[in-house]
Amino acid sequence: VTAGTFEKRGQVALVTVDNPPVNAVSGAVRTFIAKSLSDTLADPRLGAVVLACAGRTFMAGADIAELGTGVAGPSFAELIRLLDAFPLPVVAAIHGTALGGGLELALACHFRIAIKGARIGLPEVKLGIIPGAQGTQRLPRLLGVARALDMITSGEPIDVEAAGRVIDRVVSEDLVGSALAFARTLVRSGAQPRSVRDISISRSDYDPGLFEDARQKAQRSGHFARLRAIDAVEAAATLPFDMGVRRELDLIGECFRHPQSKALRHLFFAERQAGRVPGLPAGASPRRVERVGIVGAGTMGVGIAMSLANAGLPVTLLDTSEEALDRAMAAIASTYVGSVQRGRLGAAEAAARQARVKRANDMGSLADCDLVIEAAFEAMEVKRAIFGALDAVIRPGAILTTNTSYLSVDAIAAATGRPGDVLGLHFFAPANVMRLCEVVRGSQTSADALLTAVQLARRIGKAPVVAGDSPGFIGNRMIQAYGREAALLLLEGALPEQVDAALTGFGMAMGVFRMHDMSGLDIGYRARRNRPPGSSDARIGLVPDRLVEAGRLGLKSRCGYYEYDEGSREPRPSSFTRDLILAASAELGMKRRSIDDAEIIDRCLLALVNEGFALLREGNAYRSGDIDTVYVNGYGFPATLGGPMFWAEHMVGLDRVVQRMREFANAVGDRWWQPDPLLVDRAAPGKRTAHAVA
Ligand code: 3H9
């Protein structure tokens, strides 16, 4: 199969790459482009080339699955040399998103023309590498050093209309027709090919302090590729072109050898797999969703409503309290005003989004919704009453979902006459920002209801992960084990600030005690009172219960584990908390000892990983990559380590994980330190892989 079509349009060769879904630049695509260039030269009547793409986008990068595998076909470097030195003008015609190696090929062309709305970007750092096909050398020459540095180190795309000299012309319609006309003009006028490599950068074109500033920022995150990207752009600014290209090659090699790049590529594919459910019947297909209702106008309801409105969906936000609705509508309005003020959104677009959210106070207003998301108070009786009422008014075939973070979807579904149409959609706060969405499959949830929910989540830009209906689903179930170890560490000898520093040193976005303070200590207090006796370690509630009873609810009361100055979110260690912890240890007869950071990290994270294996064994998570997607997108686990399951398998080693757990069992008691049977099995010689059970 050829990866595109080669046509002669008068004096212009039209080379159209066609490699669905995103025209990834595979070995076959490179072979096709190289062959098309030589076919062009073979016909003396041809005077120019247009390089375009079929389908939804211009080339979206190197084929990530082939990266670093030495696949056949001309290399990127060879193809770029061919394009750059081609004796006839080559025009790239860009639509959709020209990303990574795709944009780099376009930068090797002599001219670039794009359709309005198209975007260009070099997202390689997100995969743990740098652009390796001269992008770091060519982009700064066209866009300026400062802007190119920003684009390459952030990985974020920009609009073609804001791309200055990168794009020679932006057209509003008929991209290929316009590109052909542009090429014909070049032929007629005898225009010569021109190369980006001939543009030079002088010292006065940029602030030399730029690179040090960028390094300082990147150092904090420990993101290896981001640091190498800065080196590469600095090379573009300070070295002759060919030397810069060689430097880029060395730097991308360093990235490939670094474990972060394997971890980040794993996450890329894990996230795309995560919505897939093994074993669904062949005929199952998603239902149409045109109108969504939300029950409960609290913080979650508001965030979810904006996520839907941002994606173009009309939303009805329902609450029985007019006051809650007033507050919700005001919060939505003020978020959009903020986005406009910060230049993130045009005023007209913001107004259109806001107008998609309608308020309502009677269930009847939701009658014509295709899907309803309940985001009311987290209590079983409340949810069951709402679902019973919804079932009576919502049309048959519409899907009812709950944003519960902990409660049983099956028990909620049982309040309706349509349990097959009920499932969980667990969003994370703030729901308009956080990407994770757990799609919780009840035991009776139908295949098409499940597919509908996954598709809706993707449509609104979330990263859906399907989870089984066990308490806490994937994320909150695992985090309990993590929180339990953190709490025990306090009683054994650590202090909150030490535990948090060890965890953020490891790379977690936030320490566990700071996180508890942010969510509010009253939540755990209430949850502990509803938990069946014996289901967790009674000791772990001692410190937080006393904090709550002393009126310390966390950030909202300006004290919890930590203390906070007025108007500040920065935690200050608290002597009150320290005294309380020391007293609790003494009361429990626990002799405090000094605990090192390595123990803190392993205790907390290996407990998390062990619970992950339990979820896989039970079938409540389908793949280890699903769990990684949950933790990176919803719980601040460092993406550079690939997620907890990837980290355990590839960076610690499963045999070592089991050995550490056995050490803990000996040292601190084995109640929580039985390695899960699946983990023991996977850690055996010859297996050592955490991968999917499903
Ligand atoms: C690079 O270019 C290195 C160079 O510097 C050269 C070095 C020498 N390769 O995301 P979607 C698949 S590094 C292979 O759901 P969307 C994806 O897995 C690359 N496959 O769609 C999925 O497959 P499936 C730099 C790819 O509309 C399907 O396409 N480029 C690639 O939400 C649809 O993807 C990037 O990092 C790929 N490059 O978003 C761009 N891209 O259906 C990465 C996608 O089997 N890609 N697939 O699950 C993206 O950001 C988004 O996919 C894009 C479309 C915005 C293009």
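Above: the structure in question.
Residues numbered from 1 in each chain as written. Predicted model: local features only at pLDDT ≥ 70, side-chain atom pairs only at ≥ 80, totals over all residues. Heavy atoms only, no water.

Q: When you look at the overall build of the chain in this model, what are you seeing that I'm missing?
A: Of the regular secondary structure elements, the chain holds 27 helices and 17 strands. In terms of overall size, the chain behaves like a compact globule, its C-alpha atoms giving a radius of gyration of 28 Å where 694 residues would be expected to give roughly 26 Å. By element, 53% of the accessible surface of the chain is carried by carbon and sulfur atoms, the whole surface being about 28600 Å². With 80 positive and 76 negative side-chain charges, the chain shows a spacing of 3 Å between the two charge centroids. (Helix = DSSP H or I, 4+ residues; strand = E, 2+ residues; numbered from the N terminus. Rg over C-alpha atoms; globule rule 2.2 N^0.38 Å. Areas by Shrake-Rupley, 256 points an atom, 1.4 Å probe, with all protein chains shown as cover. Lys, Arg positive; Asp, Glu negative; His and termini not counted. Charge placed at Lys NZ, Arg CZ, Asp CG, Glu CD.)

Q: What is the right way to read the environment of Ala 133 from this model?
A: Tracing the chain through its elements places Ala 133 in the loop between strand 7 (119-121) and helix 4 (135-143). What makes Ala 133 buried here is its relative accessible area of 6%. A sequence separation of 41 residues divides Ala 133 from Ala 92, and the C-alpha atoms of the two residues are 16 Å apart. Those residues in contact with Ala 133 that lie beyond four places of it in its chain are Phe 76, Ile 80, Glu 104 and Glu 248. (Buried < 20%, exposed > 50% of the residue type's maximum accessible area, 1.4 Å probe, protein only. Contact = heavy atoms within 4.5 Å.)

Q: Before we go on, may I ask you to explain the site of the ligand in this structure?
A: Lining the immediate environment of the ligand, one finds 23 residues, of which Arg 56, Gly 101, Glu 104, Glu 124 and Arg 276 sit closest. One of the backbone nitrogen or oxygen atoms of Ala 62 is found 2.8 Å away from an oxygen atom of the ligand. In this structure, Gly 132 approaches the ligand through a main-chain N or O atom, which is 3.0 Å from an oxygen atom. When the free accessible area of the ligand is taken as 1000 Å², the share hidden by the protein chains comes to 71%. Of all elements in the fold, only helix 3 (100-108) and helix 10 (259-273) reach the threshold of two or more residues within the shell around the ligand. Grouping the constituent residues of the shell around the ligand by class yields 13 nonpolar, four polar and six charged. (Near = heavy atom within 4 Å. Polar contact = N/O pair within 3.5 Å; in protein donor to acceptor, adjacent residues only side chain to side chain. Nonpolar A, V, L, I, M, F, W, Y, C, P; charged D, E, K, R; others polar.)

Q: Please clarify how the sheet that holds strand 8 (residues 158-159) should be interpreted in this entry.
A: The strands that make up a sheet are held in pairs by hydrogen bonds between backbone atoms, and each pair lies either parallel or antiparallel. Ordered in space as 5-7-8, the three strands form an open sheet in which the pairing is mixed. For this open sheet the edge positions go to strand 5 (97-99) and strand 8, each flanked by a neighbour on one side alone. Pairing analysis gives three bridges linking strand 5 to strand 7, with the strands arranged parallel. By the bridge assignment, Leu 99 is partnered in strand 7 with Gly 121. (Pairing = 2+ DSSP bridges.)

Q: Please explain the packing of aromatic side chains as it appears in this structure.
A: Each pair of aromatic rings is reported with the distance of its centres and the angle of its planes. If you walk through the whole model with that rule in mind, you get nine aromatic pairs. Centre to centre, the rings of Phe 268 and Phe 269 are 5.1 Å apart; their planes meet at 90°, and the pair counts as edge-to-face. On the basis of an interplanar angle of 70° and a centroid distance of 5.7 Å, the ring pair of Phe 506 and Phe 637 is categorised as edge-to-face. Taken together, the positions of Phe 506 in helix 18 (residues 496-506) and Phe 637 in the loop between helix 24 (624-634) and helix 25 (644-652) put the pair 131 residues apart, joining distant regions of the chain. Of the two residues, Phe 506 and Phe 637, neither departs from the other in class, the shared state being buried. An aromatic cluster is present here, built from Phe 428, Tyr 631 and Tyr 635 joined pairwise through their rings. The side chain of Arg 228 reaches across the aromatic face of Phe 224, ending 4.8 Å from its centre. When the ring centre of Phe 664 is taken as origin, the NZ or CZ atom of Arg 603, which lies over that ring, is 5.9 Å away. (Phe/Tyr/Trp six-rings, centres within 6.5 Å; stacked < 30°, edge-to-face > 60°. Lys NZ or Arg CZ within 6 Å of the ring centre and 35° of its normal.)

Q: Looking at this model, I keep getting lost on helix 16 (residues 447-459). Mind explaining?
A: One turn of the α-helix equals 3.6 residues, which is why residues spaced by three or four share an orientation. Over its 13 residues, helix 16 extends 18 Å from the first C-alpha to the last, a length consistent with the 18 Å expected when each residue adds 1.5 Å. All of the buried residues in helix 16 are Ala 447, Ala 449, Leu 450, Thr 452, Ala 453, Val 454, Leu 456 and Ala 457. Turning to helix 16, the residues buried within the fold contact helix 11 (299-310), strand 13 (371-374), strand 14 (399-402), strand 15 (422-427), strand 16 (436-441) and strand 17 (463-468). The first or second residue beyond helix 16 is Gly 461, which carries a positive phi of 80°. (Expected span 1.5 Å × (residues − 1).)

Q: Would you mind going over the sheet that holds strand 17 with me for this structure?
A: Spatial strand order, 12-11-10-13-14-15-16-17: eight strands in an open sheet with mixed pairing. Across the chains shown, the open sheet's two edge strands, defined by having one partner strand only, are strand 12 (357-360) and strand 17. Direction aside, neighbouring strands of the sheet carry axes that sit 25° apart on average. Judged from the four bridges that link them, strand 13 and strand 14 form a sheet pairing that is parallel. (Axes fitted to C-alpha atoms, helices over the stretch in contact; angles between N-to-C directions.)

Q: How should the nonpolar core be read in this particular structure?
A: A general trend in soluble globular proteins is that nonpolar side chains are found buried together. Grouped together as the largest cluster of nonpolar side chains are 93 residues, with contacts concentrated most on Ile 33, Val 50, Met 59, Leu 105, Ile 120, Leu 139 and Val 166. When residues in this core are grouped by element, the largest group, eight residues, is from helix 8 (residues 224-238). Dropping the residues within four chain positions of it, Ile 120 is found in contact with Ala 98, Leu 99, Leu 103, Met 151, Pro 157, Ile 158, Val 160, Ala 163 and Val 166. (Core = buried A, V, L, I, M, F, W, Y, C linked by side-chain atoms within 4.5 Å.)

Q: Would you take a moment to explain the pairing of strand 11 (residues 315-318) for this structure?
A: Every regular strand shows the same layout, with side chains that alternate between the two sheet faces. Burial of the side chains of strand 11 extends over both faces: Val 315 and Leu 317 are buried on one face and Thr 316 and Leu 318 on the other. Where strand 10 (residues 292-295) and strand 11 come together, four bridges link them in parallel fashion. Counted as the bridge partner of Val 292 is Val 315 from strand 11. Regarding topology, helix 11 serves as the crossover connection from strand 10 to the parallel strand 11, and that connection is right-handed. Bridging between strand 11 and strand 12 involves four bridges; their strand directions are parallel. (Right-handed = clockwise from strand over helix to strand, strands pointing away.)

Q: Whenever I open this one, the side chain of Asn 23 confuses me. Can you help?
A: Among the secondary structure elements, Asn 23 is positioned in the loop between strand 2 (12-17) and helix 1 (27-42). Within the structure, the side chain of Asn 23 is placed 2.8 Å from the backbone oxygen of Thr 57, a separation counted as a polar contact. When near neighbours in sequence (up to four residues on either side) are disregarded, Asn 23 contacts Val 17, Asp 18, Cys 53, Ala 54, Thr 57, Phe 58, Met 59, Ala 60 and Gly 61.

Q: Looking at this model, I keep getting lost on the environment of Ser 535. Mind explaining?
A: By secondary structure assignment, the location of Ser 535 is in the loop between helix 20 (521-530) and helix 21 (542-549). You can call Ser 535 partly exposed: its relative accessible area is 38%. For Ser 535 and Ala 351, which are 184 residues apart along the polypeptide, the C-alpha to C-alpha distance reads 49 Å.

Q: Help me understand the side chain of Glu 271, please; the structure alone is not making it clear to me.
A: Along the chain, the position of Glu 271 falls in helix 10. The class of Glu 271 is buried, set by a relative accessible area of 17%. For Glu 271, the side chain forms a polar contact with the side chain of Asn 633, separated by 3.3 Å. If sequence neighbours within four positions are ignored, Glu 271 has contacts with Arg 435, Arg 458, Ala 463, Thr 629 and Asn 633.

Geometric values such as these leave the question of function open.
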